[in-house]
Amino acid sequence: MELPGFAVAVWMYVCLSASVGGYPNGKVREACTSMVPCHGSSPQLSPEHTITVNGTEFKPGDSIEVHLSGPDFEGFFIQARDAEHLDSPAVGSFLLADRRRSQLLTCGRTKNSAVSHTSKSKKKEIKVYWIAPGDAPKHVQFLATVVKKYRIFWVKIPGPIVSQTDVLSPTPPLHATSEAMSTSYPVSYISKPFSASGCGSMKFCIRNPSNCDPGSASCFFLSFQQEESSVFIEMSGPSEGYLAFALSHDQWMGGDDAYLCVNEDHRIHVSTAHLKERSYPLLDLENALEDVSWRLADGVLQCSFRRRIRLPAYKGRFNLDTSYYIFLADGEASEGGLIHKHRRQPLVTDGLYNVTGLPQDIGGSRSPRLIKAHGALMFVAWITTVSIGVIVARFFKPVWSHSFLFGKELWFQVHRMLMLTTVMLTSISFVLPFVYRGGWSQQAGFHPYLGCAVMALAIFQPLMAGFRPSRHAPRRQLFNWFHWSTGTTARILAVVTMFLGMDLPALDLPDPWDTYTMIGFVAWHVGTDVLLEIHSYCLVRKVEVIEDDRVQILQSLTSAEAEGCLFKQIVLTIYVCGNIVFLVAFLIAINQV
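Rules used throughout
Residues numbered from 1 in each chain as written. Predicted model: local features only at pLDDT ≥ 70, side-chain atom pairs only at ≥ 80, totals over all residues. Heavy atoms only, no water. UniProt positions renumbered as here; feature names shortened; annotations may be inferred. Pairing = 2+ DSSP bridges. Helix = DSSP H or I, 4+ residues; strand = E, 2+ residues; numbered from the N terminus. Axes fitted to C-alpha atoms, helices over the stretch in contact; angles between N-to-C directions. Buried < 20%, exposed > 50% of the residue type's maximum accessible area, 1.4 Å probe, protein only.

The name given to the chain in an unreviewed UniProt entry is Ferric-chelate reductase 1, and the organism recorded there is Corvus brachyrhynchos. Its UniProt record, at the heading Subcellular location (unreviewed entry), says of the chain: "Membrane". Turning to the chain, the UniProt record has this under Sequence similarities (unreviewed entry): "Belongs to the FRRS1 family."

**Q** Sorry if this is basic, but what is going on with the sheet that holds strand S4 (residues 63-73) here?
**A** Remark on secondary structure: sheet strands pair via backbone hydrogen bonds, oriented parallel or antiparallel. If you trace the 4 strands from one edge of the open sheet to the other, you get S2-S4-S9-S6, paired in antiparallel fashion. Bordering the open sheet on either side are strand S2 (50-53) and strand S6 (93-96), each of which pairs with just one other strand. Averaged over all pairs of adjacent strands, the angle between strand axes in this sheet comes to 30°, irrespective of strand direction. Across 8 bridges, S4 lies against strand S9 (residues 123-131) in antiparallel orientation. Note on S9: the bridge partner recorded for Glu65 is Tyr129.

**Q** What is the right way to look at the environment of Tyr280 in this model?
**A** With respect to the element layout, Tyr280 can be found in the loop between strand S18 (267-275) and strand S19 (282-283). C-alpha separation for the pair Tyr280 and His340, spaced 60 residues apart in sequence, amounts to 8.5 Å.

**Q** When you look at the pairing of S6 in this model, what are you seeing that I'm missing?
**A** Put simply, side chains in a regular strand alternate between the two faces of the sheet. Alternating positions in S6 separate cleanly, Phe94 and Leu96 being buried on one face and Ser93 and Leu95 remaining unburied on the opposite face. Here S6 runs beside S9; their pairing, made up of 4 bridges, is antiparallel. Bridge pairing in S9 places Leu96 opposite Val128.

Dropping the structure here:
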């Protein structure tokens, strides 16, 4: 059976941490069992190096000369194992022919049972001597892992099989060679795209967008079909890097059972992994999958495989007859198959599902509900209520100065109601991300910092208004200036914060639609503001200027504003309708992610 294409990433970082960017000194005892380096890529399939010996028979205590040779290589790891049980511990011990280029390692309880390099200097051949133990098995095979450079290496290159004297050579030949070469899944090529036929009736399906065709270039598709004691799994989506899904007990990454299909140089490798919090997947060295197939065409990556419902022998694999949240993610993979963080928020099912239970055809969301509510409430507050409240206070004070509501001027009551609504919505929305994240987010850049500043200013405004001096008090002008400057600063920061927030993966709004919408709103608000300013200026120009008579000037201004009442009311009506259009468009978009 073959190791996952990504299994490589676990060993070379931990085990060969010095052999060519991992352990250059060759002290790789952690690799004694798997012989797999952790370089973040998959092993090559066709070896360029060969192992030769000076004899094919031995008796206990005999010495056999072993040669490893081929094109230039940097690192190596040699062992001898029972040819009939290649997963068994190393057999016998080695002696060195050149201590400058090779060193002895102890694997398990057998001293000097492996040989590795001392540095990553270029080599063409290595010679060592193997000493047969007294309890040697009947047939012994030499295996070697060779690292040409960091991302080019071969694992368990099969060498000759040597047998004890008077023991017949195995006939037919042992299957050890094929097992030793089995370092990636045996795969086949999928001839045509997957089909959604049977979704909801014969198999459990997840599709995004809902009811999309898995053969299209924009459809993410995951299906599970039970077949007696196993489940056949299909996964596809528009990605030339990798696709992955995970089974989780909650809607957070961490402690999850993951499966990855990764494009490495136009060849797909399938691997299992364990997700630990928000870190790089811990890739498994054991193969728990069967019947692996793949296809990469027209930018759509597809892979399928079969997995048993219960795998008690494989640590970290969840039973498939239990309910889980299901994640579906995609992203980029660099040279050698090293995967990067998913480029967008993973799709997450809305509830717990049992993939071997009643077949269903469901969708999912790429944005958590709390984050959706956070974005929606902030948009209502800072795009709708606060902007209308500012327009009313700035341009409708003289128009509605003679209309009263609950003992106060109408413009003031409308302004205060809208601003208090803004503070209330902002306060509720402010709490939601902390509830969802369980604390401060380290992944959101400047957005949360600016959000805290906006929240502080939003609370400061009504507190300051509570101490507003009377209309003719000497400090009234100072209050007006502080009130205007604080409100304007809050609005500017709120718009900047929303621009930054719309690009965060957690909200996953369609880009660049979200940015254009915000630019459109800002232009809409500024245009309305400028139009009303020009209108007010034109009215003032019509006022007869009476020298040194400020009371009459103010009366003239009031009269001029009153003359434009109809125009301003029309503009305000259009402005409110326009804001509602922006709000509805945003809510529709946020509801679709």
